[in-house]
Each structure stands twice: as C-alpha cells, then as structure tokens.
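# A structural walkthrough
These are the residues of each chain, in order.
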Amino acid sequence: MVARQYLPPWFSVAPMMDWTDNHYRTLARLISKHAWLYTEMLAAETIIYQQGNLDRFLAFSPEQHPIVLQIGGSNLDNLAKATELANAYNYDEINLNCGCPSPKVAGHGCFGVSLMLDPKFVGEAMSVIAANTNVPVSVKCRIGVDDHDSYNQLCDFIYKVSSLSPTRHFIIHSRKALLNGISPAENRTIPPLKYEYYYALLRDFPDLTFTLNGGINTVDEVNAALRKGAHHVMVGRAAYQNPWYTLGHVDTAIYGAPSSGLTRRQVVEKYQIYGDAILGTYGNNRPHVRDVMKPLLHFFHSEPGNGVFKRKADAAFQTCKTVKSFLEETIVAIPDSVLDSPIEEAPRGREDLFADVHDLLPPPYKAREQEVLYAY
C-alpha cells in the first residue's frame, strides 16, 4: 500500500511518545476513518536490536492505514537498516524525527531537534531512508533551535534538506525548541508560536508540502488553518486527551464524509474485541489490561460519570484479567445517554488564531545556494 491510495493528510495525529501506540491508534481508527495516524517515535537502533520481536514494535492492523512510521536516529547505517526492516510492514510514509526536544533524544547532539543544527546530515539521512523504501519520506521539525531561530535559518534547513534528498514533505511544529533549562512539556508552551513562519514557507517553497503543527486543539481550528491556505494540519495532545470530540468530527467536518451515526458504546464494544485478542501476545503477559485500556481512560472526557469511571478503573486494574471484565466493572459509571448518543456539535475553536497571519509574514527567502549547501 502507498500513500496515494488514501485521502490527503489534511488532518493527522502527531507522533507522541508513550501515547500513539498500537492501542491508541486502534481506538483512533474506530472513531475516524480518514485521519492520518503516526506511530510513536521508534529509534532506529530499537528496530535493529529487536529483529526477532519486530511485530511488537511495528505490527498494526490493516484498518490503521493510512499510517506513518516515525523513526529517530543519527547513524546512517542504522537508519538504512531500520527502514529496510520496516518495509515488510507496509507503512504509508517514513518520517524522520528532527523535532523532539527531550534531553533523552536531543541531548548530547544525538537526534531529535538537535539534528536541525546539521541540515547536511539530515539531507544525507533522508536520502538513505528514501533509498531503502518505496514509500514517501518526510521530516518533522521545529522552526528553530535555541538562538538558531530566524526565519532565514529555518529556510536554510528546508532548502538544504530538500535539495540534498527526495524529501518533499515537512511537518513544521511552529515553536522553536530550547535545549537547555526547560522540560519537554515547557517546550510545548514557553517558546511562542510563530504561525507566520509556516505560512511564509508555503510562499517561499511552492514545490514542497508542509503540515502545520503546534497549538491547534479543535477541528474548528484545523479548518481555520486550512482556510488560510495550510496544506495539512497535525493535532497532538487534544487528539489523545479528548479523542471522541476531536477525532469524531474529522471525517465529516474536514473530509466531507456523511455522518456515520457512530456511538461511544459501539466504539467500546469493538475496542473490547481488539483488547482481549491482543492481551498477552507480546510475551511475559504483555500487554496487560492496564496497557490496553490506557487510551480509553480519556474517552469520556468532561462527560457525566467520567470521574466515577476513572475511580472504578483504578480498582479494576488490580483485579481484572480481561478487557471484558474491566469494562463490566467500570462502564456502569457512564450514563446510557452518553454511551448511545451520536457525536454532538464540534467544540468551537479560537476564531482569531490565524486572523492576522498573512500580515506578519517575514520577508521572502532568497536561497544563497553555494553558502547554504556547502558551508557546513
């Protein structure tokens, strides 16, 4: 399978460590048929060292298409080998992480966002990845790192990577990253959002495709970004922390599909079948009930009974050995009116999020080809 068989990634769910695992993606796909899904970032070395156990890390059901594998690494041989090993799983795109600010990832110049400081290497890495797969490749990055945060420096990175490799798709998190002194969580809130950088990239690189990421929390805001000209939009934590109201409107409000009339009870019943089938299949009794049920703990966000449901879940994790028994113990906390009602109107977004963005665009980028391509 290749990406062109699916509708475009007008809406995608961001790769999130410890969150966008196989269980969450299964739940997400039950809610939205068209949203593009991303794996958690997988280090190239993990894929290589787990060759005898790759299904645990790379396998997914066919229903999860369209799906993108995000890998991380800074060793060209390992990136090549990891990509080659992943081919058997038929991902729709391979993405390289150049945006994670976690010290475990970016510290000591390993990989993640620190790779933005070495665009020549990123170009080489993307060429290696592309040479070992037959699906499109992409880069996810920030708009800058520490004091390397001017619009021209961002453009230099985009220009160099796209000139040295077949990369034609960049996912732009519209904040810079600060590598010292703040946590990954603070890196998602303290550096200011600069959506004008993203929209300027559309102007200055008309032959490339860009996905906008960062600070967008509702389908309403996604559509606002698209109306302003964004190619595609990626949503992160809102899609995990409130999956029903975020993903439940994607197919109708963004992709124009008719309403399916889907209810939360129907999703829970299908998810239970998946959950009980996968329990213990990784070996050593993993995954267990707590692993599988983790994404569902956010399924009733802000609804009546949600607090009682979570308290019952805490108790059920101690005793329940199956997803069915877990749900029998907990779902009684949720009123039938919540379980059996189709999704309601989408939450409103911030109307002014992109209001003046085109008035804030930085001056056009002029590529200094010799300097950009060969100065590193």
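Rules of the game
- Residues numbered from 1 in each chain as written.
- Predicted model: local features only at pLDDT ≥ 70, side-chain atom pairs only at ≥ 80, totals over all residues.
- Heavy atoms only, no water.
- Helix = DSSP H or I, 4+ residues; strand = E, 2+ residues; numbered from the N terminus.
- Rg over C-alpha atoms; globule rule 2.2 N^0.38 Å.
- Buried < 20%, exposed > 50% of the residue type's maximum accessible area, 1.4 Å probe, protein only.
- Contact = heavy atoms within 4.5 Å.
- Core = buried A, V, L, I, M, F, W, Y, C linked by side-chain atoms within 4.5 Å.
- Pairing = 2+ DSSP bridges.
- Right-handed = clockwise from strand over helix to strand, strands pointing away.

### Focus: the overall build of the chain
Per the secondary structure count, the chain includes 19 helices and 9 strands. A globule of 376 residues ought to have a C-alpha radius of gyration of about 21 Å, and the chain, at 21 Å, matches this closely. Seen through its C-alpha atoms, the chain measures out along the principal axes to roughly 65 × 50 × 45 Å. Looking at the chain residue by residue over its 376 residues, the buried ones come to 55%. A separation threshold of at least 6 residues defines the contact pool for the chain, and within that pool the share at least 24 residues apart is 76%.

### Some words on the nonpolar core
Grouped together as the largest cluster of nonpolar side chains are 121 residues, with contacts concentrated most on F11, L96, I158, F210 and F354. With residues near it in sequence (within four places) discarded, F354 still touches Y195, Y199, L212, I216, E221, A224, A225 and K228.

### A few points about the environment of F354
By secondary structure assignment, the location of F354 is in the loop between α18 (336–339) and α19 (369–374). Taking relative accessible area as the criterion, F354 reaches 3% and is therefore assigned buried. Along the backbone, F354 and E196 are 158 residues apart, and their C-alpha atoms lie at a distance of 8.7 Å.

### Focus: unusual backbone geometry
Following H65, the chain continues into P66 via a peptide bond in cis, with omega recorded as 0°. Here the residue pair R286 and P287 is connected by a cis peptide bond, since its omega of -5° sits within 30 degrees of zero. Along the chain, P287 falls in the loop between α14 (264–278) and α15 (289–293). Phi is positive for N285, which is not a glycine, with a value near 60°. Tracing the chain through its elements places N285 in the loop between α14 and α15. One non-glycine residue, S302, lies in the positive phi region at around 65°. Overall, S302 belongs to the exposed group, its relative accessible area being 60%.

### Brief notes about the pairing of strand β6 (residues 137–142)
The element β6 is extensively covered by neighbouring structure, given that 6 of its 6 residues are classed as buried. The alternating pattern of β6 places V137, V139 and C141 on one face and S138, K140 and R142 on the opposite face, and all of these are buried. Alignment of strand β5 (residues 93–98) against β6, held across 5 bridges, turns out to be parallel. Counted as the bridge partner of I94 is V137 from β6. Of the strand pairs in this sheet, β6 and strand β7 (residues 169–173) are connected by 5 bridges, and their pairing is parallel. Bridge assignment links S138 to a residue of β7, and that residue is H169. Between the parallel elements β6 and β7, the chain passes through helix α7 (residues 151–164) in a crossover that is right-handed.

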